Amino acid sequence: MAALTPYTYIQCPCSDSSTLGRSSGPNSPTGSEGDEDDRTFDPRAPRSNYSLYPLEYLLYCEDCHQIRCPRCVSEEIVTYYCPNCLFEVPSSTIKSEGNRCTRSCFQCPICIGPLAVTSVETKPDPGLLAATDNTAAPHSGPYALTCSYCNWSSTEVGIKFDKPNSIHAQLAKLRNGGTTRLTAKERKERRKDPSYRSQAAATTGSEGGAGPGKEEKLDLETQFANLKSFYQRQLADPNSADTGLASLSDLGFSSPTSLSRIMSIYTGGSLQDKKAKSRVGAMREALESDEGLQIADLDESAAIDKLQTDGHDGTASTAQLLDQIPNLGEAHLHGRSRFLSELRPIPYLLRAKRSKRCPVCRHIISKPEAKIQTTRFRIRLVAGSYIPSLAIRPLSLSSASSTSSSGASVPGALLEPLKPTHFLLTFRNPIFDTIKVTLGAPAKTPGRFPSKVTVLCPEFEIDANTDVWDEALKDSGERERERERERRARRGGFEESTTTSSSNNHNNNNNNNAQNQLEVGKIWERGRNWVSIVVEVVPPSLKLGDSTGDGGGVLREDEDVLEIPMFVRVEWESEGGGDEVAVAARDTSGGSKEAREKRELAYWCVLGLGRIRRS
Amino acid sequence: MSRRPPRGEYIETDTGNKVARKATLVGTQNIMLGGKTVIQPEVMIRGDLIRTIQASSQSASGAPPNNTAVSIGRYCFLSRGCCLRPPGRLYKGTFTYMPLRMGDHVFVGPGSVIQAASVGSHVHIGTNVVVGEFAIIKDYVRILDGTVVPPNMVIPSLSIVAGQPARLIGEVPEGGHEAFELRDLYKTVGNNPQPAPS
Ligand SMILES: [Zn+2]
Ligand SMILES: [Zn+2]
Ligand SMILES: [Zn+2]
Ligand SMILES: [Zn+2]
């Protein structure tokens with residue numbers, strides 16, 4: 001079983017439909033206080049899977065003063081790019097060419113590794129995968145796509161290229177096995193060409209095929225194009241004689257009037273056109289390959305033969321088939337590709353840089369720079385700069401029982417059933433105002449095996465994160481700020497190591513000190529912008545026999561994980577404007593600080609403490 | 001706490017690099033360290049695998065040959081037992097190594113082997129990862145434990161990859177950028193290690 005490192009997940013308010021869209025007026029949060037307290041949040045409820053996120057995944061809307069998560073933000077695409085060649089793809093190209101890279105970027109159809117263009121003449125030495133400088137390399141064609149991970153080569157499916165560049169365009173014209181494949185434009189031209197038509201007719205005739213089975217073999221795109229134009233012709237001519245499948249027309253499916261008939265049923269008959277009713281001309285179905293008829297090839301003996309020679313190893317897996325893109329493949333409506341030899345190189349799916357909007361007020365809360373080479377953001381309102389972060393650490397207090405010290409103090413160790421265990425929760429305040437934190441946790445966690453939970457200090461204040469801010473105001477240069485932060489961090493580290501030996505809880509010699517501090521209503525430790533408190537848990541015994549449980553005597557997945565639901569309320573007073581920059585300007589100009597506004601943010605979170613030892 | 005070896009486990013340079021005495025650095029004159037980089041024991045860096053053919057532009061300009069085989073930026077952390085090895089290939093018919101470049105704040109997990117052409121900044125490479133030859137890893141990339149990055153693979157910025165071969169499994173969230181910072185980790189090792197901030 002994998003060791004479990006303690007975690008904190010925060011619930012986004014969007015999981016509660018009543019809070020979404022609620023105005024953030026000064027009265028509304030207090031108004032709903034009561035019922036929020038009454039509800040107990042069950043982290044194990046199936047719905048919780050979709051609303052709990054680590055802090056890093058959460059954004060924050062400054063206008064709504066609320067947490068936003070990946071589930072509720074609305075995304076907008078800023079730039080499309082290929083993840084392999086890192087070229088931007090304009091949205092006009094997306095419309096015409098689709099959502100895949102049309103340069104020479106391909107993935108291996110066997111293992112999805114990247115494919116490199118190599119010369120076929122020289123032996124496939126991995127050192128020769130000189131995709132980056134084909135121009136400098138002296139080798140000449142033909143070329144193949146080769147996988148540097150599993151050594152697959154496009155020559156295995158009979159595909160070679162004349163040029164080392166614009167592989168996508170070349171591949172579009174090649175079938176597996178090397179025969180040419182017509183592009184859409186060429187197919188259209190060929191259809192128009194009378195000499196081809198007569199030739200095709202002659203071959204069909206000479207083979208003496210009376211049945212349609214001897215018709216031209218159509219590929220998927222041609223068949224679709226033929227069918228489409230055929231039906232468009234049929235729809236344009238409602239009086240077309242029913243020469244085809246007469247029996248089907250009795251059902252009324254193939255008549256263009258059936259649509260108006262159905263419409264009239266739903267619109268109360270008023271729309272019924274007497275004239276149209278009299279015109280009973282029906283559409284016929286496609287009769288020849290020109291019209292898109294493709295007789296199903298039910299003879300699978302070739303496939304069976306191939307299966308006998310190649311065996312199971314020669315067949316493609318479901319995952320491999322899913323990675324294939326349908327239009328470039330050879331697949332027909334009947335008889336999908338089933339063998340590895342039918343797989344084709346996969347052009348890379350494009351990726352996108354996305355900006356994110358608040359679902360309620362529509363303000364942008366995250367916006368990356370459009371350029372692909374940069375990782376900077378124009379706007380990045382992450383929840384971590386607005387709500388306190390929470391770190392969990394096991395705390396071993398005891399020399400009283402020598403066994404316990406080895407218990408919870410080791411991160412990831414199993415929690416002993418029925419034995420009080422302590423955890424240190426460190427809240428760090430990211431904002432520039434002092435915050436008051438109120439915690440609420442059920443005395444017993446929900447579920448079949450409730451743990452007893454005691455938050456020793458459920459109410460405390462954390463000092464503001466002002467220090468950095470003041471310094472930053474003085475020297476606005478970013479380098480200065482960075483140096484300052486570094487210096488402070490070093491100083492902070494020094495202080496911690498010398499003065500607060502109690503934090504070093506692996507040492508047993510400060511036990512008295514520790515036990516003195518373990519008092520209800522007292523915080524454990526305090527720093528510049530952080531506070532540590534202690535939570536005591538008594539894990540349950542995971543005995544199944546005596547539990548009159550629902551669902552029998554099997555421990556469900558992760559039922560041994562000790563998770564505490566905790567309601568966190570953060571209260572602070574901020575400047576009326578709310579905008580920090582504006583506040584700063586006012587402060588430096590000696591403005592009054594009177595217009596302070598009470599703010600509050602409350603949310604559920606889940607503390608995952610560890611796994612309980614199974615008895 | 002065991003007693004420190006008398007001379008100190010690490011050599012600390014003027015630029016703040018902390019290099020373990022038990023690390024193996026071959027061809028040190030070809031290894032460039034940007035400063036404040038930690039190299040743990042049993043790390044191997046193959047600075048001896050230098051480029052044998054100079055790029056045409058360089059030889060034409062008459063500049064002195066650049067023999068840097070491995071260049072490492074600031075605040076990198078090379079964990080115990082990892083290996084940095086310049087990638088090599090045939091170039092105009094002759095085999096040559098090419099330099100391995102690494103940006104700032106790159107964490108390389110224990111037992112990992114890196115043969116990339118370039119690793120960006122703010123990159124976290126997990127335990128027992130293999131990065132194949134000439135792979136290109138951009139900024140803010142997280143490679144999970146046990147991943148095998150195939151040769152020539154390009155991993156764009158803000159990707160989370162895993163698997164054998166590596167595939168994209170997620171994106172680094174907006175709030176996850178700061179977690180790549182290695183300043184604090186830098187302070188926790190060396191001859192006078194400081195505890196990690198709580
Ligand atoms: Zn949400
Ligand atoms: Zn591409
Ligand atoms: Zn492959
Ligand atoms: Zn909003």
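All values derive from a computational prediction rather than experimental measurement.

What counts, and at which threshold
Residues numbered from 1 in each chain as written. Chains lettered and ligands numbered in written order. Predicted model: local features only at pLDDT ≥ 70, side-chain atom pairs only at ≥ 80, totals over all residues. Heavy atoms only, no water. Helix = DSSP H or I, 4+ residues; strand = E, 2+ residues; numbered from the N terminus. Buried < 20%, exposed > 50% of the residue type's maximum accessible area, 1.4 Å probe, protein only. Contact = heavy atoms within 4.5 Å. Areas by Shrake-Rupley, 256 points an atom, 1.4 Å probe, with all protein chains shown as cover. Donors = N, O, S within 2.8 Å, 3.2 Å for Na, K, Ca; no water. Tetrahedral: all angles 85-135°; square planar, octahedral: opposite > 155°, others 65-115°. Buried area = accessible area lost by both parts, 1.4 Å probe. Salt bridge = Lys/Arg side-chain N within 4 Å of Asp/Glu carboxyl O. Polar contact = N/O pair within 3.5 Å; in protein donor to acceptor, adjacent residues only side chain to side chain. Nonpolar A, V, L, I, M, F, W, Y, C, P; charged D, E, K, R; others polar. pLDDT = per-residue confidence, 0-100. Pairing = 2+ DSSP bridges. Core = buried A, V, L, I, M, F, W, Y, C linked by side-chain atoms within 4.5 Å. Expected span 1.5 Å × (residues − 1).

(A) Quick look at the overall build of chain B. Scanning chain B from N- to C-terminus turns up two helices and 23 strands. The buried share of chain B, reckoned over its 198 residues, is 53%. For chain B, long-range pairs separated by at least 24 residues make up 40% of all intrachain contacts whose partners lie at least 6 apart in sequence. Accessible surface, chain B as shown: approximately 8,600 Å² in total, 52% of it carbon and sulfur.

(B) Representation of the coordination of the zinc ion (ligand 1) within the structure. All names here are of chain A. With distances of 2.1 to 2.3 Å, the protein atoms coordinating the zinc ion (ligand 1) are Cys 12 (SG), Cys 14 (SG), Cys 69 (SG) and Cys 72 (SG). Here the zinc ion (ligand 1) binds four donor atoms, and the angle range of 105 to 113° at the metal identifies the geometry as tetrahedral. Site description for the zinc ion (ligand 1): donor spacing in sequence, C-x1-C-x54-C-x2-C. Here Cys 14 is found in the loop between β1 (7-11) and α1 (28-31), whereas its partner Cys 69 is found in the loop between β4 (66-68) and β5 (74-81), with 55 residues between them in sequence. Cys 14 sits in the buried class, given a relative accessible area of 9%.

(C) Spatial organisation of the interface of chain B and chain A. With 38 residues of chain B at the interface, the matching set in chain A holds 39 residues. Where chain B abuts chain A, roughly 3,400 Å² becomes buried across the two surfaces, and 53% of that area is made up of carbon and sulfur atoms. The salt bridge involving Arg 351 of chain A is made with Glu 171 of chain B; its shortest N-O contact spans 3.2 Å. Our count for the chain B to chain A interface comes out at ten residue pairs in polar contact (both at pLDDT 80 or more). Taken together, the residues of the side of chain B that touches chain A sort by class into 19 nonpolar, eight polar and eleven charged.

(D) Inspection of the confidence of the model for chain B at higher detail. Of all residues in chain B, 90% have pLDDT values of 70 or greater, and the mean over the chain is 90. Among the scores for the predicted complex, ipTM is 0.90 and pTM is 0.78.

(E) Representation of the environment of Gly 88 of chain B within the structure. Residues and elements named next belong to chain B. Along the chain, the position of Gly 88 falls in strand β10 (residues 88-91). Sequence-wise, Gly 88 and Asp 14 are 74 residues apart; in three dimensions their C-alpha atoms are separated by 32 Å. If we ignore the near neighbours within four places in the chain, the residues touching Gly 88 are Phe 95, Thr 96, Tyr 97, Glu 133 and Phe 134.

(F) Quick peek at the side chain of Thr 375 of chain A. If you trace the backbone, Thr 375 of chain A turns up in the loop between β12 (364-368) and β13 (377-380). When residues no more than four places from it in sequence are discounted, the contact partners of Thr 375 of chain A are Asp 139, Tyr 140 and Ser 157 of chain B.

(G) Inspection of the confidence of the model for chain A at higher detail. Residue and element names in this part refer to chain A. Taken as a whole, chain A shows an average pLDDT of 74; of its residues, 63% reach a score of 70 or greater. Per-residue pLDDT stays below 50 along residues 20-37; that stretch engages in 19 contacts with residues further than four places along the chain or on separate chains. Contacts for the low-pLDDT stretch residues 124-137, under 50 throughout, to residues beyond four places or in other chains number 21 contacts.

(H) Fine view of the sheet that holds strand β15 (residues 118-119) of chain B. All names here are of chain B. Spatially, β4-β7-β12-β15-β18-β21 is the arrangement adopted by the six strands of the open sheet, whose pairing is parallel. On the outer flanks of this sheet lie β4 (31-35) and β21 (154-155), each paired with one strand and no other. In this sheet, strand β7 (residues 70-74) lies alongside β4 in parallel orientation, the contact comprising four bridges. The residue of β7 that forms the bridge with Leu 33 is Ile 72.

(I) Spatial organisation of the sheet that holds strand β22 (residues 159-162) of chain B. All names here are of chain B. In space, the nine strands of this open sheet follow the order β1-β2-β5-β8-β13-β16-β19-β22-β23, with mixed pairing throughout. Edge positions in the open sheet fall to β1 (10-12) and β23 (167-171), since each of these has one partner strand only. Sheet topology places strand β19 (residues 141-143) next to β22; two bridges connect them, and they run parallel. For Ile 143, the partnering residue across the bridge sits in β22 and is Val 161.

(J) Examining the coordination of the zinc ion (ligand 2) more closely. All names here are of chain A. All of the protein donors around the zinc ion (ligand 2) are Cys 82 (SG), Cys 85 (SG), Cys 101 (SG) and Cys 105 (SG); their distances to the metal are 2.2 to 2.3 Å. One can describe the donor arrangement at the zinc ion (ligand 2) as tetrahedral, given that its four donor atoms subtend angles of 103 to 119° at the metal. Look at where the donors of the zinc ion (ligand 2) fall in the sequence and you get C-x2-C-x15-C-x3-C. One end of the pair, Cys 82, is in the loop between β5 and β6 (88-89); the other, Cys 105, is in the loop between α3 (91-97) and β7 (106-107), and 23 residues separate them in sequence. Accessibility assignment for this pair places Cys 82 and Cys 105 in one class, buried.

(K) Representation of the nonpolar core. With 55 residues, the main nonpolar core has Ile 387, Leu 425, Leu 439, Phe 460, Ile 533, Met 566 and Leu 607 of chain A as its most contacted residues. Per-element accounting of this core gives the leading share, six residues, to strand β21 (residues 561-575) of chain A. Contact partners of Leu 607 of chain A, with chain neighbours within four places excluded, come to Tyr 7, Thr 8, Leu 390, Ile 392, Leu 425, Leu 562, Glu 563, Ile 564 and Met 566 of chain A. With 42 residues, the next largest nonpolar core counts Val 43, Ile 72, Cys 82 and Ile 125 of chain B among its residues.

(L) Structural view of the pattern of salt bridges. Using the criterion set out here, one finds 23 salt bridges over all chains in the structure. For the salt bridge of Glu 171 of chain B with Arg 354 of chain A, the shortest nitrogen-to-oxygen distance reads 2.9 Å. Residue Glu 171 of chain B is found in strand β23, and its partner Arg 354 of chain A is found in strand β11 (residues 351-357); the two belong to separate chains. Accessibility expressed as a relative area gives 22% for Arg 354 of chain A, which makes it partly exposed.

(M) Highlighting the environment of Val 154 of chain B. Of note, Val 154 of chain B is situated in strand β21. Judged by its relative accessible area of 14%, Val 154 of chain B is buried. Sequence separation between Val 154 of chain B and Phe 134 of chain B is 20 residues; the distance between their C-alpha atoms is 8.9 Å. What Val 154 of chain B contacts, discounting residues up to four positions off in sequence, is Pro 83, Asn 84 and Leu 86 of chain A together with Ile 136 of chain B.

(N) Inspection of the pairing of β12 of chain A at higher detail. Residues and elements named next belong to chain A. Where β11 lies against β12, two bridges are found, and the strand directions are antiparallel. Bridge pairing in β12 places Arg 357 opposite Ile 364. Hairpin remark: β11 followed by β12, antiparallel, with six residues in the connecting loop; positive phi at Arg 362, about 70°.

(O) Representation of helix α7 (residues 220-236) of chain A in the model. If you check α7 of chain A, its first and last C-alpha atoms are 24 Å apart, about what 17 residues at 1.5 Å a residue would give, namely 24 Å. Buried residues of α7 of chain A: Glu 221, Thr 222, Gln 223, Asn 226, Phe 230 and Gln 234 of chain A, and no others.

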